[in-house]
Amino acid sequence: MEIINKIDASGIQTLDLRNYKSNGEDFIVFDIVPFLIEDFLLQEKIFRSEMAQIDWNQFTGKDVVICCSNDAIIPLWAYALISSLLAPHASIVVYSTIGNHENLLWMERIRKIEFSAFIGQKVVLKANTAIPEEILVLATSQLIKYVQTLMWGEAGSPLMIYKRK
């Protein structure tokens, strides 16, 4: 007697969003504070000179979070300048406060998923309380553009979220 795996036979694909979360070691934080005079004042000429001396190749293929780790008031053009210097090298560049950067990187990785691979498929988003709401909402809003059926939970007993008519 052959044992049939009903989950495999159902054609349901499981997407575990935790697979796209940063492990905390795969990104670099670019803190602007070391480039400020006395940690609080940005002087344009000095700042531009210091930016010109950085070897931006060290960020090649990396996820980079630009931040300011103190309460300094930074002109917006400074963040734009840093971003323009990082963009040709880094795989992802985001701005964030220190506490929020991991979720921002997670969201960027979700945006880069090739969701068209799920066209017409039955997909279950694997349930896990460690997945923040913003990650679940983003993935759901992208998936429903492609899937036939979207579920949440485990492949053996999923909760129906969306079904294309």
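Remember, predicted model here, so these are calculated numbers, not experimental data. (Residues numbered from 1 in each chain as written. Predicted model: local features only at pLDDT ≥ 70, side-chain atom pairs only at ≥ 80, totals over all residues. Heavy atoms only, no water.)

1. Details of the overall build of the chain
In terms of helices and strands, the chain carries five helices and seven strands. In sequence order, the secondary structure elements of the chain are arranged as α-β-β-α-β-α-β-α-β-α-β-β. For the C-alpha atoms alone, the extent of the chain along its principal axes is close to 75 × 30 × 30 Å. With 165 residues in all, the chain has 36% of them scored as buried. A separation threshold of at least 6 residues defines the contact pool for the chain, and within that pool the share at least 24 residues apart is 75%. With the model as given, the accessible surface of the chain reaches about 10,000 Å², and the carbon-plus-sulfur share is 54%. The distance from the centre of the 15 positive side-chain charges to the centre of the 19 negative ones in the chain is 13 Å. (Helix = DSSP H or I, 4+ residues; strand = E, 2+ residues; numbered from the N terminus. Buried < 20%, exposed > 50% of the residue type's maximum accessible area, 1.4 Å probe, protein only. Contact = heavy atoms within 4.5 Å. Areas by Shrake-Rupley, 256 points an atom, 1.4 Å probe, with all protein chains shown as cover. Lys, Arg positive; Asp, Glu negative; His and termini not counted. Charge placed at Lys NZ, Arg CZ, Asp CG, Glu CD.)

2. Side note on the packing of aromatic side chains
Each aromatic ring pair is described using two quantities: the centre-to-centre distance and the angle formed by the ring planes. Enumeration according to the criterion identifies six aromatic pairs in this entry. Within the aromatic cluster, the residues linked to one another by ring pairs are Phe30, Phe35, Trp56 and Phe59. (Phe/Tyr/Trp six-rings, centres within 6.5 Å; stacked < 30°, edge-to-face > 60°.)

3. Quick look at the side chain of Ser96
Checked against the element boundaries, Ser96 lands in the loop between strand 4 (92-95) and helix 4 (101-111). By relative accessible area, Ser96 is classed as buried at 2%. A polar side-chain atom of Ser96 sits 3.0 Å from the main-chain amide nitrogen of His101. Ignoring sequence-local partners within four residues, the contact set of Ser96 consists of Val65, Ile66, Cys67, His101 and Leu104. (Polar contact = N/O pair within 3.5 Å; in protein donor to acceptor, adjacent residues only side chain to side chain.)

4. A look at the environment of Thr97
Tracing the sequence through the fold places Thr97 in the loop between strand 4 and helix 4. Distance from Thr97 to Ser157, taken between C-alpha atoms, is 38 Å for residues 60 residues apart in sequence.

5. A word on the packing of helix 4 against helix 5 (residues 133-143)
Running from N to C, helix 4 and helix 5 cross one another at 15 degrees; their axes reach a closest spacing of 10 Å. By the angle between their axes, helix 4 is roughly parallel relative to helix 5. In this structure, helix 4 meets helix 5 at a crossing whose hand is right-handed. Touching Asn103, Trp106, Met107, Ile110 and Arg111 of helix 4 are Glu134, Ile135, Leu138 and Ala139, all from helix 5. Along the lines of polarity and charge, the residues of the contact of helix 4 with helix 5 split into six nonpolar, one polar and two charged. (Axes fitted to C-alpha atoms, helices over the stretch in contact; angles between N-to-C directions. Parallel < 35°, antiparallel > 145°, perpendicular 65-115°, else oblique. Left-handed = near helix turned anticlockwise from the far one by under 90°. Nonpolar A, V, L, I, M, F, W, Y, C, P; charged D, E, K, R; others polar.)

6. A closer look at unusual backbone geometry
Although it is not a glycine, Glu38 adopts a positive phi angle of roughly 50 degrees. Assignment of secondary structure puts Glu38 in the loop between strand 2 (27-31) and helix 2 (44-53). A positive phi is found at Asp39, a non-glycine position, where the angle reads about 65 degrees. Tracing the sequence through the fold places Asp39 in the loop between strand 2 and helix 2.

7. Quick word on the pattern of salt bridges
On inspection of all chains with the given rule, the structure shows four salt bridges. Salt-bridge contacts for Arg18 lead to Asp16; the nearest nitrogen and oxygen are separated by 2.9 Å. (Salt bridge = Lys/Arg side-chain N within 4 Å of Asp/Glu carboxyl O.)

8. Focus: the state of the cysteines
In this structure the tally under the stated criterion is zero disulfides. Distance from the sulfur of Cys67, which forms no disulfide, to the nearest cysteine sulfur (Cys68) is 7.1 Å. Under the relative-accessibility criterion, Cys67 is labelled buried at 1%. Overall, the relative accessible area of 13% leaves Cys68 in the buried class. (Disulfide = S-S within 2.5 Å.)

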